[in-house]
Amino acid sequence: MMPATSTATTLSPAELSYLHTSLTQTPPLRPDLRSSTEFRPLRAETDLLPTCNGSAHVSLTDGSEALVGIKAEVHRTAGANVTKRLDEEMREKMSLDEPSSTISAAAAAAGLDSNRKPRGHPDWISLNVDISTLRDDDALLIFLSEMLREPLLTTSTTTTTTTTTTTATRSSSLADMLVINSNWHWHLHIDILLLSPFTASGTSYPLPLLSLATHLALRSARLPKLKSQGEEDPLVDDDWESSLFLFPPPPTSARKPESSASGKAGPNEQHSIPPREAGRLLTMPPITLLVMTVNSNIIFDPSHSELAVADAVLAVSVSFSSDTTTHHHHHHHAQTPTLLAVRTIETPARDTMRGVPAAGEVVEGDLVPGVWRPRVGGVKREVLKRVVRAVLGASADDSGVAREVFDGLEAFLRS
Amino acid sequence: MADKRRINGPASGTAIPIFTPSKSGAHTLQRTRKPNQLRKIYLQPGVVPTASGSAYLELESLCHPSSLLNAVPSSLKLSCVIHGPKPLPRNANFSSNLQLTINVKFAPFATRQRRGYIRDVTERDIGTHVETALCGVIVRDRWPKSAIDIIITILEAEDDVQWGSGTQQQNTVGGLGNMNVVSGCITVASAALMDAKIDCLDLITGGVAAVVPKDDGKFVHHLDPSVIEEPFLNSACVVGYMPARDEVTLVWTRGNIPSYSDGQTCRFDSLLDSAVNAAKGAHVILRQVATELAQAESTKLIIDESKT
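Owing to the predicted nature of the structure, the values given are computational and were not obtained by experimental measurement.

Caption draft 1: Expanded view of the nonpolar core. Within the largest apolar cluster, 103 residues are counted, with the highest numbers of intra-cluster contacts made by Ile-190, Tyr-205, Leu-207, Leu-246, Val-316 and Ile-345 of chain A together with Val-239 of chain B. Not counting chain neighbours up to four residues away, the residues in contact with Tyr-205 of chain A comprise Leu-140, Phe-143, Leu-144, Met-147, Leu-290, Leu-307 and Ile-345 of chain A. One finds Val-130, Ile-148, Val-238 and Trp-252 of chain B within the second-largest nonpolar core, a separate group that totals 56 residues.

See below:
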């Protein structure tokens, strides 16, 4: 076995030590003089592939660029007839018996009651990442695609304490949005392509780029409008103009003062909620942010050289959901961030060469300041908690970094 | 990727059985353990004499009173073998650190759904998580130009999602089964590293915790949750934890964790602490195993000395 290529770094121990010292300052001194929460500028365009339901092209300043295409196909739901028949039988049986106490509120909340719309299945979303310089079975490729797929499949649930003692839990996942009726569903193919050449020792970790591109492609994805209703076989409107967004843009509320000035208010609101989404939970596709920690410093969107000295590298996936029924807060905090996934990524700093002091070798364990030692051990729990707090925001008034990123993307999509 | 070297069974030869929902509405076991009680752990190091280090881990299988076909509780049975440290091959690049190769493989019969012989995406993903957890604990610069192979075979595992739940009732968080596997892999690999006498910073153990919604709208943290007992999950977390240093080398959470929820404490914080507590529970067993190993070593040493 060769040393893992994905962790190889070309920096010398002296360079690593210099980087580490500057990143541990308060505030951290980054090589490109960004602040610790500042992201690299990016260029993006959406809806550029004419044969896709949604697409996005994102490029970063370091020359890496990614292209994402989303295609939707109508598929027949496997076993639909059987489950439907069984459901009906069961409902008859259950209604005859007295209401069983074992069906808890939690069970009902998670969608066990069969009167509901059928739930989606995770298999209806296939995600494929292609990096031209990597083998198909490369561990990095698999880890990346799992990292991007995992938050997409997670059901985002909001718990709202209603007048009754029970908690009304409404859940919707991307897969649930793909249901047409009990026999048919949309199948979503998300194909992610890293266009720029990728070398483990020379380019930055492509996760944030791929995640942003996927987010933008999903936001731009539109499904043709259905002409068929209910349990009919799907028939779609061939007019692309009348197609519906998979993720409808959030309604512009009080945060846009010009909407009232232009006289467009109430029912004439431009971004009106489509009827199928009314009263439901609007969820945005997830964004995955790359965060690294050095000592007690938290650094967002690390470049390749910064990653080489990280104590821990984390991928934090966040989604935003807004409740369309409760609009009591008409400022943009009505959209609450939800943490969907946190993953630790192996830091390249563990597999580096240690520096030798000018005075010669020292006893193991003795730390000479300014001489690089490969990182060993993990991180304290407190640091991890601080990372999550920095991403999500510590309280309702203090918005986190995820909110900034999301607002930036929102502004781009509206322009 | 098709496996062309072996004659495999048909890839999609049989139809998936669809189970009628039972009348009680739940084909799951009721959790009888306390929320903070782990399943019993059996851990035995040194099971493979030819390897430089090995260990076997088994979790208590849950007894189940009903005879429902789709609620057969499977437990976790893992075997870990370590080969090395051995020199890197001549054609490999120079490396001043010990190189780890982690190979996690489900036996074809480990889960309900048959696994193929070639490692699939899930197995590689689990392997990456375990590698992240173990890389932080091994003192790698003590073995320049060498490598170890850690091979973990999963003989029995829980299914990733509840079997037979169909499309209608799916677990809100899939992947709990995989998280249990990751946690078990970390603990068993730690015992095998100890058996192979490879220098580590600490005895690392894995721990899983999950947030389970209750009828009264509250949320309870269950340590060491089992797929079959938890039909409704809010979120789950697995950690690789080093108790002596109070440090975490691996965190993997899934599910949705609202940001600033009840009581101003982020739910991530308490979930992480619960998972760490589960890891501390497993650590008790690992420490016991370490003591027994050390005692066996010292008696062997005394016998050797008396012979000479």
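Caption draft 2: Representation of the packing of aromatic side chains in the model. Residue and element names in this part refer to chain A. Under the defined criterion, the tally for this structure stands at three aromatic pairs over all chains. Between Phe-39 and Phe-300, the aromatic rings sit 6.3 Å apart at their centres with planes inclined by 40°, giving tilted as the arrangement. In this pair, Phe-39 is assigned in the loop between helix 1 (13-23) and strand 1 (42-46) and Phe-300 in strand 12 (residues 297-300), connecting sequence segments 261 residues apart. Using a relative accessible area of 26% as the deciding quantity, one classes Phe-39 as partly exposed. With a centroid separation of 4.5 Å and an interplanar angle of 25°, the aromatic rings of Phe-320 and Phe-406 are classed as stacked. You can see Phe-320 sitting in strand 13 (residues 312-323) and its partner Phe-406 sitting in helix 9 (residues 401-414), a full 86 residues away along the chain. Judged by its relative accessible area of 1%, Phe-406 falls in the buried class. A cation over a ring is seen here: Arg-222 above Phe-245, with NZ or CZ 5.6 Å from the ring centre.

Caption draft 3: Structural context of unusual backbone geometry. All names here are of chain A. The peptide bond linking Thr-26 to Pro-27 adopts the cis configuration, its omega dihedral lying at -10°. One can find Pro-27 in the loop between helix 1 and strand 1. Even without glycine at this site, Leu-33 takes up a positive phi of about 60°. By relative accessible area, which is 69% here, Leu-33 ends up exposed.

Caption draft 4: The arrangement of the sheet that holds strand 4 (residues 125-131) of chain A in detail. All names here are of chain A. Across the sheet, which stays open at both edges, the five strands sit in the order 1-2-3-7-4 with mixed pairing between neighbours. Whereas interior strands pair on both sides, the edge strands pair on one side only; in this sheet they are strand 1 and strand 4. Averaged over all pairs of adjacent strands, the angle between strand axes in this sheet comes to 15°, irrespective of strand direction. Where strand 1 meets strand 2 (residues 54-60), five bridges bridge the pair, whose relative direction is antiparallel. By the bridge assignment, Ala-44 is partnered in strand 2 with Val-58. Against the sheet, helix 4 (residues 139-153) contacts strand 4 and strand 7 (184-194), and its axis sits at roughly 150° relative to strand 4.

Caption draft 5: Geometry of the environment of Thr-51 of chain A. Residue and element names in this part refer to chain A. Tracing the chain through its elements places Thr-51 in the loop between strand 1 and strand 2. In this structure Thr-51 comes out as exposed when scored by relative accessible area, which is 59%. For the pair Thr-51 and Trp-372, spaced 321 residues apart in sequence, the C-alpha separation works out to 52 Å.

Caption draft 6: Representation of the environment of Ser-146 of chain B. Residues and elements named next belong to chain B. Within the secondary structure layout, Ser-146 lies in strand 5 (residues 146-156). Considered as a pair, Ser-146 and Leu-88 are 58 residues apart in the sequence and their alpha carbons are 4.8 Å apart. A polar atom in the side chain of Ser-146 sits 3.1 Å from the backbone oxygen of Trp-143.

Caption draft 7: Inspection of the sheet that holds strand 3 (residues 77-87) of chain B at higher detail. Residues and elements named next belong to chain B. An order of 1-2-3-5-4 is seen for the five strands of this open sheet, with the pairing classed as mixed. Each edge of the open sheet is held by one strand with a lone partner, namely strand 1 (41-45) and strand 4 (99-106). The sheet shows a mean angle of 15° between the axes of neighbouring strands, taken without regard to direction. Relative to strand 5, strand 3 runs antiparallel, the two being bridged by nine bridges. When the sheet's bridge partners are listed, Ser-79 is paired in strand 5 with Thr-153.

Caption draft 8: Just the pattern of salt bridges, in detail. Considering all chains together, one arrives at 35 salt bridges over all chains under this definition. For the salt bridge of Glu-150 of chain A with Arg-254 of chain B, the shortest nitrogen-to-oxygen distance reads 3.4 Å. Taken as a pair, Glu-150 of chain A in helix 4 and Arg-254 of chain B in strand 9 (residues 247-258) lie in two separate chains rather than in one. Judged by its relative accessible area of 4%, Glu-150 of chain A falls in the buried class. Across the salt bridge formed by Glu-60 of chain B and Lys-40 of chain B, the nearest N and O atoms sit 3.9 Å from each other. With Glu-60 of chain B in the loop between strand 2 (53-59) and strand 3 and Lys-40 of chain B in the segment before strand 1, the pair connects residues that are 20 residues apart, well separated along the chain. Residue class for Glu-60 of chain B comes out partly exposed when judged on its relative accessible area of 29%. Looking at Lys-40 of chain B, the relative accessible area reads 61%, which means it is exposed.

Caption draft 9: Structural detail: the packing of helix 8 (residues 381-392) of chain A against helix 3 (residues 267-307) of chain B. Running from N to C, helix 8 of chain A and helix 3 of chain B point in directions that differ by 155°, and their axes come no closer than 10 Å. Accordingly, the angle class assigned to the pair helix 8 of chain A and helix 3 of chain B is roughly antiparallel. Note on packing geometry: the crossing formed by helix 8 of chain A with helix 3 of chain B is right-handed. Each of Arg-381, Leu-384, Lys-385, Val-388 and Arg-389 of chain A in helix 8 of chain A lies in contact with helix 3 of chain B, whose residues at this interface are Phe-268, Asp-269, Leu-272, Asp-273, Val-276 and Lys-280 of chain B.

Caption draft 10: Main features of the pairing of strand 3 (residues 65-76) of chain A. Residues and elements named next belong to chain A. Both strand 2 and strand 3 contribute to a ladder of six bridges, which runs antiparallel. Its bridge partner being in strand 3, Ser-59 is matched across the sheet by Glu-65. Taken together, strand 2 and the strand that follows it, strand 3, pair antiparallel across an intervening segment of four residues, in which Gly-63 is found at a positive phi of about 95°. Here 11 bridges tie strand 3 to strand 7, and the two strands are oriented antiparallel to one another. By the bridge assignment for strand 7, His-75 is matched with His-185.

What counts, and where the lines are drawn
- Residues numbered from 1 in each chain as written.
- Chains lettered and ligands numbered in written order.
- Predicted model: local features only at pLDDT ≥ 70, side-chain atom pairs only at ≥ 80, totals over all residues.
- Heavy atoms only, no water.
- Core = buried A, V, L, I, M, F, W, Y, C linked by side-chain atoms within 4.5 Å.
- Buried < 20%, exposed > 50% of the residue type's maximum accessible area, 1.4 Å probe, protein only.
- Contact = heavy atoms within 4.5 Å.
- Phe/Tyr/Trp six-rings, centres within 6.5 Å; stacked < 30°, edge-to-face > 60°.
- Helix = DSSP H or I, 4+ residues; strand = E, 2+ residues; numbered from the N terminus.
- Lys NZ or Arg CZ within 6 Å of the ring centre and 35° of its normal.
- Pairing = 2+ DSSP bridges.
- Axes fitted to C-alpha atoms, helices over the stretch in contact; angles between N-to-C directions.
- Polar contact = N/O pair within 3.5 Å; in protein donor to acceptor, adjacent residues only side chain to side chain.
- Salt bridge = Lys/Arg side-chain N within 4 Å of Asp/Glu carboxyl O.
- Parallel < 35°, antiparallel > 145°, perpendicular 65-115°, else oblique.
- Left-handed = near helix turned anticlockwise from the far one by under 90°.

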